[in-house]
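Letter by letter, the chains look like this.
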Amino acid sequence: MAISDSKTIKYLKSFYIKDYLTIFIGLTVYAFGLTGFIIPNKIVTGGLAGITLILNYKFGIDLPTAYFVINAALIVVAFKVMSKEFVIRTLISITALSFMIKYGQTYLQPYFQAHPVLSDDFLTVIVGGLLCGTGLGLVYSSNGSTGGTDIIGFLVAKYYRISISRILLIVDVLIVISGYFILDAPEGQEAMKLEKTIYGLILLPLMWQMVEIVINGARQSIQLFIFSKHYDEIATHINTELKRGCTVVDGIGWYTQSSQKILIVIARRTEATSIFRLVRTIDPQAFVTKTNVMGVYGNGFDNLR
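Residues numbered from 1 in each chain as written. Predicted model: local features only at pLDDT ≥ 70, side-chain atom pairs only at ≥ 80, totals over all residues. Heavy atoms only, no water.

- With an unreviewed UniProt entry as reference, the protein chain is termed DUF2179 domain-containing protein, source organism Capnocytophaga haemolytica.
- The UniProt entry for the protein chain carries the following comment under Subcellular location (unreviewed entry): "Cell membrane". (UniProt positions renumbered as here; feature names shortened; annotations may be inferred.)

## What about the environment of Asp62?
Right, on to step 1. Along the chain, the position of Asp62 falls in the loop between α3 (47–59) and α4 (63–78).
Right, on to step 2. Take Asp62: its relative accessible area is 28%, and that puts it in the partly exposed class.
Right, on to step 3. Between the C-alpha atom of Asp62 and that of Thr52, which follows or precedes it by ten residues, the distance is 8.5 Å.
Right, on to step 4. Other than its neighbours up to four places away in sequence, Asp62 contacts Lys102 and Gln105. (Helix = DSSP H or I, 4+ residues; strand = E, 2+ residues; numbered from the N terminus. Buried < 20%, exposed > 50% of the residue type's maximum accessible area, 1.4 Å probe, protein only. Contact = heavy atoms within 4.5 Å.)

## A word on a nonpolar patch on the surface
Right, on to step 1. There is a patch of nonpolar side chains on the surface, built from Phe122, Leu123, Leu194, Ile198 and Ile202 and spanning about 400 Å² of accessible area.
Right, on to step 2. Looking at the nonpolar patch, the elements with two or more residues in it are α6 (121–141) and α9 (190–215).
Right, on to step 3. The element best represented in the nonpolar patch is α9, accounting for three residues.
Right, on to step 4. Examined against the element boundaries, Ile202 turns out to sit in helix α9.
Right, on to step 5. What makes Ile202 partly exposed here is its relative accessible area of 32%. (Patch = residues over 30% accessible without salt bridge, like charges linked within 9 Å, V, L, I, M, F, W, Y side chains within 5 Å. Areas by Shrake-Rupley, 256 points an atom, 1.4 Å probe, with all protein chains shown as cover. Salt bridge = Lys/Arg side-chain N within 4 Å of Asp/Glu carboxyl O.)

## A short note on α3
Right, on to step 1. For α3, built from 13 residues, the straight-helix expectation of 18 Å at 1.5 Å per residue is met to within 8% by its first-to-last C-alpha distance of 19 Å.
Right, on to step 2. All buried positions along α3 are accounted for by Gly47, Leu48, Ala49, Gly50, Thr52, Leu53, Ile54, Asn56 and Tyr57.
Right, on to step 3. A positive backbone phi angle near 75° is found at Gly60, which sits one or two residues after α3. (Expected span 1.5 Å × (residues − 1).)

## Observations concerning the pattern of salt bridges
Right, on to step 1. Under the counting rule described, the total for this entry stands at five salt bridges.
Right, on to step 2. For Asp250, the salt bridge is made with Lys261, and the minimal N-O distance between the two is 2.4 Å. Within this pair, whereas Asp250 is found in strand β2 (residues 246–253), its partner Lys261 is found in strand β3 (residues 258–268), the two being separated by eleven residues in sequence.

## Thoughts on the packing of aromatic side chains
Right, on to step 1. Going through the model one piece at a time under the given rule, you end up with nine aromatic pairs.
Right, on to step 2. Consider the rings of Phe37 and Phe112, whose centres lie 5.2 Å apart with planes at 50°: the pair is tilted. Taken together, the residues span a long stretch of sequence, with Phe37 in helix α2 (residues 17–38) and Phe112 in helix α5 (residues 84–114) at a distance of 75 residues.
Right, on to step 3. Take Phe37: its relative accessible area is 6%, and that puts it in the buried class. (Phe/Tyr/Trp six-rings, centres within 6.5 Å; stacked < 30°, edge-to-face > 60°.)

## Description of the sheet that holds strand β4 (residues 287–293)
Right, on to step 1. The four strands are arranged β2-β3-β1-β4 in an open sheet whose pairing can be described as antiparallel. Edge positions in the open sheet fall to β2 and β4, since each of these has one partner strand only. The average undirected angle you get between the axes of adjacent strands in this sheet is 25°.
Right, on to step 2. Alignment of strand β1 (residues 221–227) against β4, held across seven bridges, turns out to be antiparallel. The residue of β4 that forms the bridge with Ile222 is Asn292.
Right, on to step 3. Where helix α10 (residues 231–241) meets the sheet, its contacts fall on β1, β2 and β3, and the angle it forms with β3 comes to roughly 15°.
Right, on to step 4. Packing against the sheet, helix α11 (residues 272–282) makes contact with β1, β3 and β4, and its axis sits at approximately 10° to β1. (Pairing = 2+ DSSP bridges. Axes fitted to C-alpha atoms, helices over the stretch in contact; angles between N-to-C directions.)

## Notes on the environment of Asn292
Right, on to step 1. For Asn292, the position within the fold is in strand β4.
Right, on to step 2. Linking Asn292 and Gln223, residues 69 residues apart in sequence, is a C-alpha distance of 6.3 Å.
Right, on to step 3. Apart from residues lying up to four places away in sequence, Asn292 is in contact with Ser221, Ile222 and Arg269.

Structure, rendered in structure tokens:
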């Protein structure tokens, strides 16, 4: 097959069925932790969920409706700078999560309030944080998005030299702390309001640590050596579909004493599955090695500091 012809073929799809399933499971786990453990204790979390929780606690605004409307508004604002794939998967996630939160508030939350699983509020919040972090990790591991501050981070990082993780951390902390000043506490129970704010601050590192555990350091980079007779087609599709550069070097198979081409690829760990799927589709007989690298700096990766 000619290289020019291979450019018109799309071996990779935006999502596979198991990707949708993983995202759905992740959203379900997140909604379970939020409505079953976090909301009954009136804790403010980070992200857009934290903003909608403040609106719900303070003004009684419907949580899933506020979550969907604010997300939709953010997508409209950021539509021109976001990819089509990002918009689609974000819309799918926020729609599904809005329905799940509505269901959880209607059925799950009253049940847990009437039949608490744990008697200690702090342990209840910890369990909720573990569940929410696990759910987010599953969503992110399949290239999904829950919108909210993800969109804000995407916009800021697009125009300023600031890491998305740092943006999200600052925004999350500000949201949780703002809950202390916005929300009211019963007379004589100011200490309880401060306690719940501290719970929210404890949730932030707990949730994001669970995210990192679930995706297993997916932001790290990998180096692949691909040995295949169809190296040209594989390289072309890695360029056109994954937008990653490739290097082709000459080698000699010492056992056969025959020359061969070796394809070298540096990519994010989250892209490894897509690369393996692509190679398997083009050449099931290909030989591939993968190693982790400590850091990659330059175009498409981290900035040189």
